[in-house]
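Below are the chains, spelled out letter by letter.
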2 protein chains.
Amino acid sequence: MTEVVDRSDSSTTSKTASTSASAAIVGAAGTPAVDVAALGEQLLGKWAAIRHQARDLAGQPELHKIEGQHHTEHRARVSNQLQFLVDHRAVHRAFPAHLGGGDDHGGNIAGFEELVVADPSLQIKAGVQWGLFGSAVMHLGTDEHHRQWLPGIMDMTIPGCFAMTETGHGSDVASIATTASYDTDSQEFVLHTPFRAAWKDYIGNAAIDGLAAVVFAQLITQGVNHGVHAFYVELRDPVSKEFRPGIGGEDDGIKGGLNGIDNGRLHFTNVRVPRANLLNRYGNVAADGTYTSSIQSPGRRFFTMLGTLVQGRVSLDGAAVAASKLALKAAIQYASERRQFNASSSTDEEVLLDYQRHQKRLFTRLATTYAGSFAHEELLQKFDDVFSGAHDTDEDRQDLETLAAALKPLSTWHALDTLQECREACGGAGFLIENRFASLRADLDVYATFEGDNTVLLQLVAKRLLGDYAKEFRNVDFGVLARFVVGQATGAAIHRTGLRQVAQFVADNGSVQKAAIALRDEAGQRALLTDRVETMVAEMATALKGSNKLSQAQGAALFNQHQNELIDAAQAHAELLQWEAFTAALTKVKDPGTAQVLTWLRDLFGLSLIEKNLSWYLMNGRLSMQRGRTVGDYINRLLVKIRPHALDLVDAFGYGEEHVRSAIATGAEKVRQDEARAYFRNQRANGQAPVDEKVLIARAAGARTA
Amino acid sequence: MTEVVDRSDSSTTSKTASTSASAAIVGAAGTPAVDVAALGEQLLGKWAAIRHQARDLAGQPELHKIEGQHHTEHRARVSNQLQFLVDHRAVHRAFPAHLGGGDDHGGNIAGFEELVVADPSLQIKAGVQWGLFGSAVMHLGTDEHHRQWLPGIMDMTIPGCFAMTETGHGSDVASIATTASYDTDSQEFVLHTPFRAAWKDYIGNAAIDGLAAVVFAQLITQGVNHGVHAFYVELRDPVSKEFRPGIGGEDDGIKGGLNGIDNGRLHFTNVRVPRANLLNRYGNVAADGTYTSSIQSPGRRFFTMLGTLVQGRVSLDGAAVAASKLALKAAIQYASERRQFNASSSTDEEVLLDYQRHQKRLFTRLATTYAGSFAHEELLQKFDDVFSGAHDTDEDRQDLETLAAALKPLSTWHALDTLQECREACGGAGFLIENRFASLRADLDVYATFEGDNTVLLQLVAKRLLGDYAKEFRNVDFGVLARFVVGQATGAAIHRTGLRQVAQFVADNGSVQKAAIALRDEAGQRALLTDRVETMVAEMATALKGSNKLSQAQGAALFNQHQNELIDAAQAHAELLQWEAFTAALTKVKDPGTAQVLTWLRDLFGLSLIEKNLSWYLMNGRLSMQRGRTVGDYINRLLVKIRPHALDLVDAFGYGEEHVRSAIATGAEKVRQDEARAYFRNQRANGQAPVDEKVLIARAAGARTA
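Residues numbered from 1 in each chain as written. Chains lettered and ligands numbered in written order. Predicted model: local features only at pLDDT ≥ 70, side-chain atom pairs only at ≥ 80, totals over all residues. Heavy atoms only, no water.

*Asks:* Just give me the short version of the overall build of chain A, but keep the residues and values in it.
*Replies:* Across its full length, chain A carries 25 helices and 12 strands. Burial status across chain A gives 63% buried among its 706 residues. Here the analysis covers contacts within chain A between residues at least 6 apart in sequence; of these, 73% occur between residues at least 24 apart. Looking at chain A as shown, the accessible area adds up to about 24800 Å², and 52% of this sits on carbon and sulfur atoms. (Helix = DSSP H or I, 4+ residues; strand = E, 2+ residues; numbered from the N terminus. Buried < 20%, exposed > 50% of the residue type's maximum accessible area, 1.4 Å probe, protein only. Contact = heavy atoms within 4.5 Å. Areas by Shrake-Rupley, 256 points an atom, 1.4 Å probe, with all protein chains shown as cover.)

See below:
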């Protein structure tokens, strides 16, 4: 009982209060204080200036979601908001400078993802127009395409679609069934939908607004299918808004959220498209039907073309972190004011944030949000390195794609979990749309499955981990290695974006058991988290060894028998990346008080991961039973340490009321609580309070026994 | 590798197919078959006939939610639907026979909870009118109250509110601040809202429809506060619909879901209510202001009056299970038809339900839903026993309340988790409202915090467990006991509704280690699950020992330091109750094939619980490291065994398309898949298929090396 829960007044003025009244001074001896402004700037990261601009825009009422608006009106509103963004030059940073853009890829995403705080529909519809449709023309097309279409795309005279997904194929893009068959006679492609499952589906801008589309289809010429390519297709007459001949579609109707976007279906019946409309940067068809490509391998060509999709994943990762921040700001502010049940005194009720369970619910998610925020900044810098051309080798691109595939699932699931936990932590008030949790949660729901289903993405990560492992140990017997890893690996610093060299740690030395003694130390946490990833990958490699010598069916069955473990290993890897990003960010904190508090938060993140996977550490002999039992206690002590700084930690996110827009995060609850407490205090002082029947009974009992 | 994933065609006709084609006969040797009809009847339970009637009603389009409807229109629609229910005599079963009811409490809830499949707003608004408002008049009022108001409540001429919760107090009802002060001169109560936090809030029917309300307030007479009592108050003029003088309110506006209900706020400024409007079954004020009650203890009186709330929790438990069934029916049907990625052959893609991860995601939740369904039936029978008067001792009522407080949190959280997992398992299609997951999830969100916040309810359960434990061992040293429990307890059959005698198992004998060897056996699972509850309770009791000798603040701090463990212990207890209910249901299955499949499903439930808490079993020496590592493998084998029966298991829920109303659960996906496969088959047969570029490259490479 060295630390007890802080039960003092927890309003903003007492955020550093300890159990000793004399310590209730900001930065008083022994009580670290957070430098909120400096921490805030660090969180904003490399593109802080652009984020500030974007937040200024996102705070304007014109861009805010109107809750309860009918979806047809909401769609119209968001369409107009896109024009507002154009007018404010907020969305062209990634486009070529010679067309009025900024050639700034990282800054573009940084600004773009902040739009989620205004309305996730706005973020995603803008993403469809400029991040997917416009990006496809830019990255898959060539100069003439840029000159012809990018200006109209940039200024919204050509609202367009990114028509890739079909009803029958989402995650498996290579298997889409729409065909684009080259007709040498007319020098046109014939775009065709062979059956219902090949309709394009869930396509943003398709139901109403889209005048054109980048349509993905199997390119067939001279009897050969060269795989999925992208074609620029005019969908509707710009004046009548009627579909062009041969094109039809349907409205996807109402969705679980994001109803400001007109998602829909498209189908094509022998629609003729000029040969020049093939976006031919990576593959071309000559007038005579001859196919050529600078990339010989069809597989590599496919993945190169799909590489443009990565920016969608990067920006969803950032937007998910932003939404988590909004939710935690609202829920923690409310919990610091709201009182319920008077356990410790007969007059004042407890502040919710002083309850252990409430702390665990909110602070563990706060810690994960910080980890996600720092990890996202690293992802964004990696993205900028690749897309700016600063570091864009094949390996860099693969690292970027794997990193995005690792982080996007975790952050999007985390956002849904955090929004829900915050909504529940605010009780019935949390369910009111005026407090926004339910609205944001509904809108962000689909982030878990679009731009790559989270479960599929984690399997991509797992395959990369296995591939790297195999490359590293091409000539080594896997069985021996796995045992070696299990026995030896520890204490290694994982390469931060770091998938290339998972196996390098095998060469390092040290004792996991020894590291575990220092469960609370950075090195100890790193050893445990790293060891788990390495061991899981090595075990997987052993289990799957020889699968390439089996028949296709047998190999698939063997993989399938380990699918759960593969996904778990990928998740462990992604969590380690988050932990490393958080740890790296600590080294950049100058203020000692901030560093202390953030270190507690990082420890809470690390230990929460270890607690979540405690059975693994115990079963694999990495933690003793006795040591394992200390994890929960240590987490509880961290919660108490973090408690006085919780408001600072959410204030550092830097969102104002114009961004949070949650009625219960305005201080209104404190006003209500103060009014109620003053009423009762006054009543007691004036002797006006009725006597409680229980008190009367107790008095009577006292009189009888006296 | 004794069992491999079934990769045969998984359409409904092949649900019993195994890897051997010769076994593809329903009920063939070695392949158990489920008797879907018989299992369906068992799931319907004691009130099967009423459930059938209610489902017939719930299948009618008049009662269905119209997705995307504006909340004002939705509210009007649901109000009309309530009249429809009255006209069809669907909602009066619990009311007194002499007033046209049926005196059938269990049947009433059984029918009522089925309404969730039509529209959760309908279920909850009906619950407000008859389950809360009407019930309060019935249970807290006396004959004259019944005669005066129940007919109008029953036939909807008096739409009304249950005005208990205030902005400032939800879970802590005893602390609500609205006052009802008796004025002897006028023989009236003066109802008053002293400050903003005391406004009634989140009150169904308050924004628009409510003409009257049962208002809960602190009853003050002769200078004494006798605690919370219920008053019948006319809110609005029935003709003008204007608030009566002194009454005001606000609309709560749009919510995260349930927007067919007009929740709102109410406040009272010295509103005079006749003395006779006190619902005085448990407490009365004479004309001269003298207070009398048949229940001497104010605390017991309060809990008796609040006891009427239990039926809300019971029906939410049932409705949550029903929603989980709808979601699983849709997602499992779709997963049995949907194909994605062709891992095992070059032509046919895999059915989603053959992927290990997909099985784990859906089947573990299917198992929990079965457990929840059987546990709910026991809860409902217990409820009927108490409310029918068959078994309504104080102890019975306490057991009922504790059982409801244990099960409602688990089933409501489970429903949210299941709806979300099913939505994600269906990808983008899952997000479309036409498939209903997102709609149901939004509506059920608040089930986790209303009628008792789940976290608060679990703490009530924990306190009951501790109380029972203390009663049992009043004269025994806790420390000794805890060690005894840890060392000895096992193999005991927990009393099924069973909270009274948690400690009885301490007296039983056996070895947990031995039981663990039989991890797959019923007895082994029971031993592990029971032992965990007992040990956690005993440890908690030890930790909290002597807290009653501390100051109030110190005692509260000590409790708070163990709040997480308290809640975890309560959850473990509730899970054990579900497991026992599932196990008890197995004994009632007559068909051997059904019994076999359900036993696998029960094992999956039990082992999933053990896997979830594996670290506890390892840290506490209940499972060895080696044994622990087998849990995951055994779960994976169970998934494969259950796979061929998955469709039967969801079909047994007995919901037709008029209930499920999910576009992807109609067989439409199978039609699309069949069409696509026929297209490609035909193309191959006709030699019309273009050659894949990859194949050309492979051929060329072959030619070079040849």
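*Asks:* Tell me what's going on with the sheet that holds strand β8 (residues 264-268) of chain A, and back it up with residues and numbers.
*Replies:* Residues and elements named next belong to chain A. Across the sheet, three strands lie side by side as β4-β8-β7; this open sheet has antiparallel pairing. Taken across any chain shown, the strands that pair with only one partner, and hence form the sheet edges, are β4 (200-203) and β7 (247-251). Direction aside, the axes of adjacent strands within the sheet are offset by 20° on average. With five bridges connecting them, β7 and β8 associate as antiparallel partners. Across the sheet, the residue bridging to D251 is G264, located in β8. (Pairing = 2+ DSSP bridges. Axes fitted to C-alpha atoms, helices over the stretch in contact; angles between N-to-C directions.)

*Asks:* Break down the UniProt feature "domain: Acyl-CoA oxidase C-terminal" (unreviewed entry) in chain A for me, citing the residues and quoting the values.
*Replies:* UniProt tags residues 532-665 of chain A as "domain: Acyl-CoA oxidase C-terminal" (unreviewed entry). With 76% helix and 0% strand, residues 532-665 of chain A has its two end C-alpha atoms placed 40 Å apart. (UniProt positions renumbered as here; feature names shortened; annotations may be inferred.)

*Asks:* Account for the sheet that holds strand β7 (residues 247-251) of chain B, naming residues and giving values.
*Replies:* All names here are of chain B. Taken in spatial order, the three strands line up as β4-β8-β7 in an open sheet, and their pairing is antiparallel. Where the open sheet ends on each side, the last strands, each with one partner, are β4 (200-203) and β7. Neighbour-to-neighbour, the strand axes of the sheet open up by a mean angle of 20°, direction not taken into account. When β4 meets strand β8 (residues 264-268), the two strands line up antiparallel, connected through two bridges. By the bridge assignment for β8, K200 is matched with L266.

*Asks:* Run through the pairing of strand β9 (residues 271-274) of chain A, naming residues and quoting values.
*Replies:* All names here are of chain A. Side-chain alternation along β9 places V271 and V273 on a buried face and R272 and P274 on a face that remains uncovered. Across four bridges, strand β3 (residues 188-192) lies against β9 in antiparallel orientation. Bridged to E188 within β9 is P274.

*Asks:* Please give an account of the interface of chain B and chain A that cites residues and values.
*Replies:* Between chain B and chain A, the residue contacts involve 109 residues of the former and 109 residues of the latter. The three residues of chain B that bury the most area against chain A are B:R357, B:F431 and B:M619, which together make up 8% of that side's buried surface. Here chain B is connected to chain A by 10 salt bridges. Residue A:R265 pairs with B:E434 through a salt bridge whose shortest N-O separation is 3.6 Å. Across the contact surface, chain B and chain A share 62 residue pairs in polar contact (both at pLDDT 80 or more). (Buried area = accessible area lost by both parts, 1.4 Å probe. Salt bridge = Lys/Arg side-chain N within 4 Å of Asp/Glu carboxyl O. Polar contact = N/O pair within 3.5 Å; in protein donor to acceptor, adjacent residues only side chain to side chain.)

*Asks:* An account of the environment of A:T142 is requested, with residue identities and associated values reported.
*Replies:* Residues and elements named next belong to chain A. Relative to the helices and strands, T142 resides in the loop between α5 (120-140) and α6 (143-154). In the structure, T142 is positioned 137 residues away from L279 in sequence and 6.9 Å away in space, judged by C-alpha atoms. Non-local contacts of T142, meaning those with residues more than four positions away in its chain, are made with N280 and R281.

*Asks:* How would you explain the packing of aromatic side chains if you had to name every residue and give the values?
*Replies:* Residue and element names in this part refer to chain A. Inspection of the entire model under this criterion finds 32 aromatic pairs over all chains. Look at F302 and F303: their rings are 5.2 Å apart centre to centre, the planes differ by 70°, and that puts the pair in the edge-to-face class. On the basis of relative accessibility, which here comes to 13%, the residue F302 falls in the buried class. Residue class for F303 comes out exposed when judged on its relative accessible area of 53%. (Phe/Tyr/Trp six-rings, centres within 6.5 Å; stacked < 30°, edge-to-face > 60°.)

*Asks:* Please set out the pattern of salt bridges residue by residue, giving values where relevant.
*Replies:* The tally for this structure, following the rule as stated, stands at 82 salt bridges over all chains. When the shortest N-O distance is used, the salt bridge between A:R244 and A:E234 registers 3.0 Å. Here the residue A:R244 occupies a position in the loop between β6 (224-234) and β7, and A:E234 occupies one in strand β6, the gap between them amounting to 10 residues. Taken together, the shared-partner salt bridges connect A:D201, A:E250, A:D252, A:R265 and B:E434 into one network.

*Asks:* Residue-level account of the relation of the copies chain B and chain A, with values.
*Replies:* Of the transformation superimposing chain B on chain A, the axial component is 0.0 Å and the angular component is 180°, with the fit at an RMSD of 0.0 Å. Taken together, these values place the two copies in the relation of a two-fold axis. Rotation axis and chain B: the residue whose C-alpha lies nearest the axis is B:S615, separated from it by 2.0 Å. By residue overlap, the copies meet face to face through one surface: 100% of the interface positions of chain B are interface positions in chain A. (Least-squares fit on C-alpha atoms with pLDDT ≥ 70 in both.)

*Asks:* With reference to specific residues and values, describe empty space enclosed by the protein.
*Replies:* Over the atoms, a rolling probe the size of a water molecule traces out where space has been left empty. Scanning the model with the defined rule gives 14 cavities of 30 Å³ or more in all. Approximately 870 Å³ is the volume found for the largest cavity. Lining the largest cavity are 42 residues, with A:K255, A:G256, A:N259, B:G256 and B:N259 sitting closest to its centre. Looking at the lining of the largest cavity, the elements with two or more residues in it are α3 (71-87) and α12 (437-444) of chain A together with α3 (71-87) and α12 (437-444) of chain B. Here the residues of the lining of the largest cavity sort into 12 nonpolar, 18 polar and 12 charged. (1 Å grid on protein atoms, 1.4 Å probe; cavity = no way out; pocket = protein on both sides within 12 Å on 5 of 7 lines; lining within 4 Å. Points joined across faces, edges and corners; volume = space filled by probe spheres on them. Nonpolar A, V, L, I, M, F, W, Y, C, P; charged D, E, K, R; others polar.)

*Asks:* With reference to specific residues and values, describe the domain arrangement of chain A.
*Replies:* Each assigned domain of chain A is listed with its residue range as follows: domain 1 (39-308) and domain 2 (668-703). For domain 1 of chain A versus domain 2 of chain A, the separation of C-alpha centres amounts to 64 Å. (Domains from an automatic or database assignment.)

*Asks:* Requested: an account of the nonpolar core, with residues and values cited.
*Replies:* The biggest cluster of nonpolar side chains holds 352 residues, and the ones touching the most others in it are A:Y370 and B:Y370. With near-sequence residues (within four places) excluded, A:Y370 lies in contact with A:L39, A:L43, A:F582, A:L598, A:L601, A:L649, A:A652 and A:F653. (Core = buried A, V, L, I, M, F, W, Y, C linked by side-chain atoms within 4.5 Å.)

*Asks:* Account for the state of the cysteines, naming residues and giving values.
*Replies:* Enumeration over the complete set of coordinates arrives at zero disulfides over all chains. No disulfide involves B:C426; its sulfur sits 6.7 Å from the nearest other cysteine sulfur, which is in B:C422. (Disulfide = S-S within 2.5 Å.)

*Asks:* Can you break down the packing of helix α2 (residues 48-58) of chain A against helix α4 (residues 105-113) of chain A residue by residue, with the values?
*Replies:* Residues and elements named next belong to chain A. It is at 8 Å that the axes of α2 and α4 come closest, and there the two elements cross at 30°. In terms of orientation, α2 lies roughly parallel with respect to α4. Taken as a pair, α2 and α4 cross one another with a handedness that is right-handed. Seen from α2, the contacting residues are I50, R51 and A54; seen from α4, they are G107, A110, G111 and E113. Of the residues belonging to the contact of α2 with α4, the class tally is three nonpolar, two polar and two charged. (Parallel < 35°, antiparallel > 145°, perpendicular 65-115°, else oblique. Left-handed = near helix turned anticlockwise from the far one by under 90°.)

*Asks:* Describe the environment of A:F680, with residues and values.
*Replies:* Residue and element names in this part refer to chain A. Structurally, the position occupied by F680 is in helix α24 (residues 668-686). Judged by relative accessible area, F680 falls into the partly exposed class, the value being 33%. When the C-alpha atoms of F680 and H562 are compared, they prove to be 62 Å apart, with 118 residues separating the residues in sequence.

*Asks:* I'd like a rundown of unusual backbone geometry, residues and numbers included.
*Replies:* Positioned with a positive phi, A:Y202 is a non-glycine residue whose angle comes to about 65°. The topology assignment puts A:Y202 in strand β4.

*Asks:* Before we move on, could you go through the packing of α4(A) against helix α8 (residues 310-335) of chain A and cite the residues and values that matter?
*Replies:* Residues and elements named next belong to chain A. Between α4 and α8, whose axes approach to 9 Å, the crossing angle comes to 45°. Taken together, the axes of α4 and α8 are oblique relative to one another. Crossing of α4 against α8: the hand is right-handed. Between α4, through I109, F112 and E113, and α8, the contact on the second element is made entirely by Q311, V314, S315, G318 and A319. Taken together, the residues of the contact of α4 with α8 break down into four nonpolar, three polar and one charged.

*Asks:* Could you give me a rundown of the side chain of B:S547, with the residues and numbers involved?
*Replies:* Residue and element names in this part refer to chain B. Among the structural elements, S547 can be located in the loop between α16 (522-544) and α17 (552-561). A residue is classified by how much of its surface remains accessible, and S547, at 17% relative accessible area, is buried. The contact partners of S547, leaving out residues within four places of it in the chain, are G555, L558 and F559.

*Asks:* Could you give an account of helix α4 (residues 105-113) of chain B, naming the residues involved and the relevant values?
*Replies:* Residue and element names in this part refer to chain B. Counted residue by residue, α4 has nine buried out of nine residues, so it is predominantly covered. Along α4, the residues that are buried comprise H105, G106, G107, N108, I109, A110, G111, F112 and E113. Summarising the contacts, the buried residues of α4 are in contact with α2 (48-58), α5 (120-140), α8 (310-335) and α9 (356-387).

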